[in-house]
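# Coordinate analysis (summary)
Below, each chain spelled out in residue letters.
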Amino acid sequence: MVIPALAIGLFLLYVGKFREVVREMRVLWGIAIILLLAVPWYILVTLANGEAFIDSFFGYHNLERFTSVVNHHRGPWYFYFEIVLLGFAPWSIFLPVAIARLQFWKRSIWQNQPRSQQLGLFALFWFGSVFGFFTIAVTKLPSYVLPLIPAAGILVALFWSEQLVQTPRSGWGIKLSAVLNMAFFLAVMGAIIYSPNLFQDDPILINMPSLLEKSGVIVSGAPIAGATALIGLVLMLRHQIRWLWLVNIVGLLALLSFTLMPAIFLFDSQRQLPLRQLSQVAAQERQTGEGLIMIGFKKPSVVFYTQQRVTFLAGADRAVSALKEIAVKHPTPPSVMLLGTVGNLNATDLKPEQYQKLGQAGNYQLIRVSKSTFT
């Protein structure tokens, strides 16, 4: 409720309509409906999990993520500038001119506008509230700012609709945006060509370079990005910048269809699919009361896939000492399952005769170890 209230409240204060609109919104009835829908779930999940849910959900995943770094997800103050630039590309290039066209600093003019003409300003407050809130937050993740993408879409759509319906403007800001737009697609072409080199040192994606080359993603993606840049350049030279939106849509859809989506499936086959497969094996092979420990990476999805409690240990050194402690405190059941990359499991110095290999998928392994090994 915090972020919508922030966006709506700041907008209404700016246009001088706070009391008027709040009365129309029937806030008390709205809050009552929200509480009626949400509170029963919170009560039930708290009864099921107790204080652990309160501490984890409200404390760890809300308060701590806002005030401190969680799971090493720190970022510089300009973190979300980069995320919006890439995550909303290629339309993000036109966001500055789309915002500037609003002339939001002319408050008196906006206060006299009818409500039907204030959509752009509201989208700006929506965008700015989400962006500002998570920029202040200490823990930073790309997905946090997804709620501002619809607002960014409204801002850019209003800009292009003005270019098409009214006499198109050709100021330096629009021309610069068009040049950067074409430069972006050229950069995408270069990134696609260079992409196999990005994963050579990744312990999980060791097969990714060869998979990318065999899949044809590079062969299809680079020409699409290059052709989009070339067509855009021709339109610019012919002073038809107003049609760049169409070039962007066609180019973007082609890249999504023939490059990005196939690449995502390849990533999934190396990063998440092995975890899903080994989680299924763990669920099938699990003996009564046997625990599951994941070493090296904290992947909460394993909890969902296995439908059981999972202990996460950060590194091999810490894992060995933790396993010794577990073996002493909880000698029964006599074995435990370990999940991790081949490198992380090898770093525990376990000999092949000391464990039972239950499965391997991608660069992940699932093994069973007797607790007596650590005592």
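A short tour of the structure in this document, coming up. For clarity, every value in this text was computed on a predicted model and none was experimentally measured.

Definitions and limits used
Residues numbered from 1 in each chain as written. Predicted model: local features only at pLDDT ≥ 70, side-chain atom pairs only at ≥ 80, totals over all residues. Heavy atoms only, no water. Helix = DSSP H or I, 4+ residues; strand = E, 2+ residues; numbered from the N terminus. Buried < 20%, exposed > 50% of the residue type's maximum accessible area, 1.4 Å probe, protein only. Axes fitted to C-alpha atoms, helices over the stretch in contact; angles between N-to-C directions. Left-handed = near helix turned anticlockwise from the far one by under 90°. Contact = heavy atoms within 4.5 Å. Phe/Tyr/Trp six-rings, centres within 6.5 Å; stacked < 30°, edge-to-face > 60°. Lys NZ or Arg CZ within 6 Å of the ring centre and 35° of its normal.

### A look at unusual backbone geometry
The amide bond that connects Ala 89 to the next residue, Pro 90, takes the cis arrangement and shows omega of 0 degrees. If you trace the backbone, Pro 90 turns up in the loop between helix 5 (79–87) and helix 6 (95–100). Along the chain, Thr 332 connects to Pro 333 via a cis peptide bond; the corresponding omega equals -5 degrees. The topology assignment puts Pro 333 in the loop between helix 16 (316–329) and strand 3 (335–341). Despite not being glycine, Gln 307 has its phi angle at roughly 60 degrees, a positive value. Structurally, Gln 307 can be placed in the loop between helix 15 (301–306) and strand 2 (310–313). Phi angles above zero are rare outside glycine, and Asp 349 is one such case at about 65 degrees. Following the sequence through the fold, Asp 349 ends up in the loop between helix 17 (342–346) and strand 4 (355–361). On the basis of relative accessibility, which here comes to 57%, the residue Asp 349 falls in the exposed class.

### Describing the packing of helix 11 (residues 208–215) against helix 13 (residues 244–271)
To describe two helices that pack against each other, one gives the angle between their axes and the distance between the axes. In contact at an axis separation of 11 Å, helix 11 and helix 13 are set at 145 degrees when each is read in the N-to-C sense. The two elements helix 11 and helix 13 meet at a crossing, and its hand is right-handed. In this structure, helix 11 uses Met 208, Leu 211, Leu 212 and Ser 215 to contact helix 13, whose residues at the interface are Ala 263, Leu 266, Phe 267 and Gln 270.

### Brief notes about the packing of aromatic side chains
Describing an aromatic ring pair means giving the distance of the ring centres and the angle of the ring planes. Enumeration according to the criterion identifies 27 aromatic pairs in this entry. Here Tyr 42 and Phe 58 contribute two aromatic rings whose centre-to-centre distance is 5.9 Å and whose plane-to-plane angle is 35 degrees, an arrangement assigned as tilted. Of the two residues, Tyr 42 is situated in helix 3 (residues 27–49) and Phe 58 in helix 4 (residues 51–67); the sequence distance between them amounts to 16 residues. Residue Tyr 42 is classed as partly exposed on the basis of its relative accessible area, which comes to 29%. Between Phe 133 and Phe 134 the ring centres are 5.0 Å apart and the planes differ by 85 degrees, which places this aromatic pair in the edge-to-face class. An aromatic cluster of at least three residues, connected via ring pairs, comprises Phe 11, Tyr 14, Phe 122, Phe 125 and Trp 126. The ring centre of Tyr 14 lies 5.5 Å from the NZ or CZ of Arg 107, which sits over that ring.

Any link to function would need more than the numbers given here.
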